[in-house]
Structure formats: structure tokens, C-alpha cells
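Structural features, examined
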Amino acid sequence: MSLFLRLASVSVVLSILGLAGCASRAVEARPGQVAQSSAGPLDAASATLIVHGMSCPLCATNVDKQLLEVPGVADASVDMGTGQVKVTFVPGASVTRKQLEDAVYKSGFTLAEVRIP
Amino acid sequence: MRRPTLTAAALALGLLPAVALAQEATNTPAATQPSQGKWYVREKLQYMRLGDDPSPHDREIEEVVATTALTYGVSRELSATVTVPVVASWEEGHMGDEDRFGTFDSSLSLKWRPLQWDLSPVDSVRVAFFGGAELPTGTGDLSSHSLDPFVGTVFTAILGRHGINQSLQYKFNTGGDEFNMRPGDGPDDALRYDTAYLFRLAPEQYSADTTAATYLTFELNGLYETGGDNEVLIGPGILYEARTFALEASVGLPVIQDVDQRPETDFVLTLGFRFLF
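About the cut-offs
Residues numbered from 1 in each chain as written. Chains lettered and ligands numbered in written order. Predicted model: local features only at pLDDT ≥ 70, side-chain atom pairs only at ≥ 80, totals over all residues. Helix = DSSP H or I, 4+ residues; strand = E, 2+ residues; numbered from the N terminus. Rg over C-alpha atoms; globule rule 2.2 N^0.38 Å. Buried ≥ 20, exposed ≤ 12 C-beta atoms within 10 Å, placed from the backbone. Contact = placed C-beta atoms within 7 Å. Core = buried A, V, L, I, M, F, W, Y, C linked by C-beta atoms within 7 Å. Pairing = 2+ DSSP bridges. Axes fitted to C-alpha atoms, helices over the stretch in contact; angles between N-to-C directions. Parallel < 35°, antiparallel > 145°, perpendicular 65-115°, else oblique. Left-handed = near helix turned anticlockwise from the far one by under 90°. Nonpolar A, V, L, I, M, F, W, Y, C, P; charged D, E, K, R; others polar. pLDDT = per-residue confidence, 0-100.

Digging into the overall build of chain B
- Along its length, chain B carries 1 helix and 13 strands.
- Taken from the N to the C terminus, the helices and strands of chain B come in the order α-β-β-β-β-β-β-β-β-β-β-β-β-β.
- Relative to the compact-globule value of 19 Å for 277 residues, chain B shows a C-alpha radius of gyration of 19 Å, a close match.
- The buried share among the 277 residues of chain B stands at 49%.
- The long-range share in chain B, meaning contacts at least 24 apart out of those at least 6 apart in sequence, stands at 61%.

What to know about the nonpolar core
All names here are of chain A.
- Within the largest apolar cluster, 41 residues are counted, with the highest numbers of intra-cluster contacts made by L49, V51, M54 and V63.
- With 5 residues, helix α2 (residues 57-68) is the largest single contributor of residues to this core.
- Apart from residues lying up to four places away in sequence, L49 is in contact with V85, V87, L100, V104, L111 and V114.

Quick notes on helix α3 (residues 97-107) of chain A
- Turning to α3 of chain A, its buried residues number three or more, namely R97, L100, A103, V104, K106 and S107 of chain A.
- Two residues or fewer after α3 of chain A comes G108 of chain A, characterised by a positive phi angle close to 95 degrees.

Remarks on the pairing of strand β1 (residues 46-52) of chain A
All names here are of chain A.
- With respect to burial, β1 is a largely interior element, 5 of its 7 residues being buried.
- Two strands pair when backbone bridges link them, and β1 and strand β3 (residues 84-89) are joined in this way by 5 bridges, in the antiparallel orientation. The partner of S46 across the bridge, within β3, is T88.
- Both β1 and strand β4 (residues 110-115) contribute to a ladder of 5 bridges, which runs antiparallel. Bridge assignment links I50 to a residue of β4, and that residue is E113.

Looking at the packing of α2 of chain A against α3 of chain A
Residues and elements named next belong to chain A.
- Their axes nearest at 8 Å, the elements α2 and α3 cross at an angle of 140 degrees. Comparing the axis directions of α2 and α3 gives the class oblique. With respect to the hand of their crossing, α2 and α3 are arranged in right-handed fashion. Here N62, V63, Q66 and L67 of α2 lie close against α3, whose contacting residues are A103, V104, K106 and S107.

Brief notes about the sheet that holds β1 of chain A
Residues and elements named next belong to chain A.
- Pairing within the open sheet is antiparallel, and its 4 strands lie in the order β2-β3-β1-β4. Every other strand in the sheet has two partners, leaving β2 (73-79) and β4 as the edge strands with one partner each. Across this sheet, the average inter-strand angle for adjacent strands is 25 degrees, counted without regard to direction.
- Here β2 runs beside β3; their pairing, made up of 6 bridges, is antiparallel. Residue pairing in the sheet places D75 in a bridge with T88 of β3.
- Each of β1, β2 and β3 touches α2; the most contacted strand, β2, lies at about 165 degrees to it.

Things to note about the interface of chain B and chain A
- Listed per partner, the contact involves 38 residues of chain B and 33 residues of chain A.
- Listing elements by their share of the side of chain B that touches chain A, those giving two or more residues are β5 (107-118), β6 (124-134), β7 (148-159), β10 (212-225) and β11 (230-242) of chain B.
- The dominant element in the side of chain B that touches chain A, judged by the number of residues it contributes, is β5 of chain B, at 4 residues.
- Residues that form the side of chain B that touches chain A fall into these classes: 20 nonpolar, 13 polar and 5 charged.

Overview of the confidence of the model for chain B
Residues and elements named next belong to chain B.
- Per-residue confidence for chain B averages 89 on the pLDDT scale, and 91% of its residues sit at or above 70.
- This model gives residues 1-20 a pLDDT under 50, and the stretch forms 50 contacts once residues within four places in sequence are excluded.
- Model confidence for the complex: the whole-complex pTM is 0.84, and ipTM, which rates the interface, is 0.84.

Observations concerning unusual backbone geometry
Residue and element names in this part refer to chain B.
- A202 connects to P203 through a cis peptide bond whose omega is 0 degrees.
- Mapped onto the elements of the fold, P203 is located in the loop between β9 (190-202) and β10.
- At D52, a residue that is not glycine, the phi angle is positive and equals roughly 55 degrees.
- Despite not being glycine, H145 has its phi angle at roughly 60 degrees, a positive value.
- Its location among the elements puts H145 in the loop between β6 and β7.
- Take H145: there are 13 C-beta atoms within 10 Å of it, and that puts it in the partly exposed class.

Next comes the structure, spelled out in C-alpha cells:
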């Protein structure tokens, strides 16, 4: 095995070990400013989610696509500058905080906060 | 008349829908993937010219390759990709001229992204591992006629307007033609070492009105083959990314070329299209 390949192999192994050692899962969602439990329906017409990691327009599309699949969500609009995702509910819909958390989780980003007006 | 026909066919294939995600340069992997249950298609249309063939064939080769990659988000951390390259090539050499049209070997792969730190609304650092195999599905001698597994890892960091991707990929070539003409597809194993830097030209700051972004990309795409060949291409490019699609263009020019077991790459031109659905 050439010196180049040896160095490359060592580099890869060290990277994997080092990263695994200090790795953690994605930043866990911090408690939001909402009094309701995750399972209970949100008593509001809309909610604002603070989402981290939306680094590009195409990335951000994953967030609103997932949120729009939540039953009772009428609209989702992303502000990439602040990470705010404004979610509007269908009148009378029973959307829970957990449904919103799950949608952001599936989108591949990190939910930092849920704000209810 | 045959060449225009083949070129038109390859170009038509290049217009097929394709999947790609942001902050991913043209020829360097990134630790990005579609979200759970979503599809992403990416189409790359490449024109490349190869010359200085050391084999008795002394070939000069032109190729147009339309590569379609379809990716599905299995879960938040896992995605699956199938890649199908369609090729039209024209060879001139001492053994005569030969035109080909068909497919190279297709590949199946999985990408697992266990490490992710989303530091702010925009900033993110991620590490992914991927692996798969090239299957002997190619047409005639465009196939290696062997199952060639590969493994790799990629690191992605996006900090403000700057993005960097660093990838290493090792392919175990279990077959391959002694007189192979394509980089990385000969009888020797292949180590790809790729680096990409992306700079967001516009907008300078994201806002609620942002619907698209434009990036300058700069890549160093290296290929070391265990037979001793080593080649590095430098690749400036541009990437335009909207909410559901992206367009890209880049050129690859050799800056390091220590190749004596296959033809050398003269240059590579790439156009790409990505679509998320």
C-alpha cells in the first residue's frame, strides 16, 4: 500500500473516531414558549416555529413541504434570515405541538422553539 | 450524421428531471439529502475529452454522459439513491474509430447522516457516511462486468455565506478492462478525494422574501488509483438555487496529472439540474 493510501486511511479512521467520540444527535428542541402539552391541540390560529439549519432555499422547501402534510395546516411560510416559519392553521383544526415537532424533525432540520401568539 | 443524433439523445436525457440539494457543488458529494418521504432527482450532463492514451489503442475520446440520480429520503438520517449514467462516446485510435451509445454501470447507494449540528437559522455542520455498489448493468464494453462496492464519508459545513464539503470515497474495482479508458473504472481500486467551496453571491442576507440564491463554486476533484495514477481537476462553477430546483454549470481542468495507465482527462464541462418533489 502506498504512503498516500496509508495516510488517507489513517485520516479517515481518525476522523470517524474523533467525530463519533464527540458527536451528539442534532440539537434537541428546546422547550417552547407554549403552555400546552405536546399531545394536546394548540389553542391558536397560527404558530411560529424557530428552525435552525435552513442554509439554502432548496433546503427550506423540505420544511414547508413537511408542515403542509400535517392535517390542519393551511399554510407555512419560511423566513430564512431569522429561521422563523409561520404556520397558519385551518379554522377549527386541532393541530398539536408534537405534530409540528415531528414535521420539522422529518424535514431534517432542528426545531429550536415554538411560539404561540 | 451519427454524432449529432447521439448528442441530441444525450442532451434530451439531460433534460430529464433530476434531484439535488443545496450547498452541494457539482462534482463533490455533500452531507445533504431530501427529507423523509421526499424525492430528489439530479441530472448531470457532462462533456469530456480524454487523450494521451498509453495503451496500444492510442485513443482520443469524446464523451457525453447524462447521469440521472434519483434519491429518496428514507428517514431523517438515511437516504437511498439509484444512479443511471447514459453515454454517447466517440473514439479515434490506431485500431480504428468507434462510436458507442449505451449505459455505464448503474449504482445503488445509501447515505447515512448521523452527525448534525444546526448552529443557527443558517449555519450547519454535518457528517455523513455512504456506501453502495456499481452493478454490472452497463451496455457491452461500457460495463465493467463486475460488482464494484464503494464506501465514503463526507463533511459539510455551512457558515453564513460560506460552505465547504470534503469527501473521501474508496471504490473496490473487482473487474475492469486492462485498456480501460475512464478514470476510476480500470482494474485498480480508486480513491476519490474531493473538496468544494461555495460562496453565496446573492442574496447577501437571507430574508422572508428570499426565494433563490446564487453561489460561486470552486472544486478540487482528485482521483488516485492503486496502480499509481493520480489526477486532480480544478473546477470553478456557478449554482443557482430556487425553492424547488437548482441549475449548475462547471468546468473541470487538470492541475495534477500523473497518469500512465489510461487516457488523461483534457477537460470536463458539466451542466446540471436538480429538482425536489
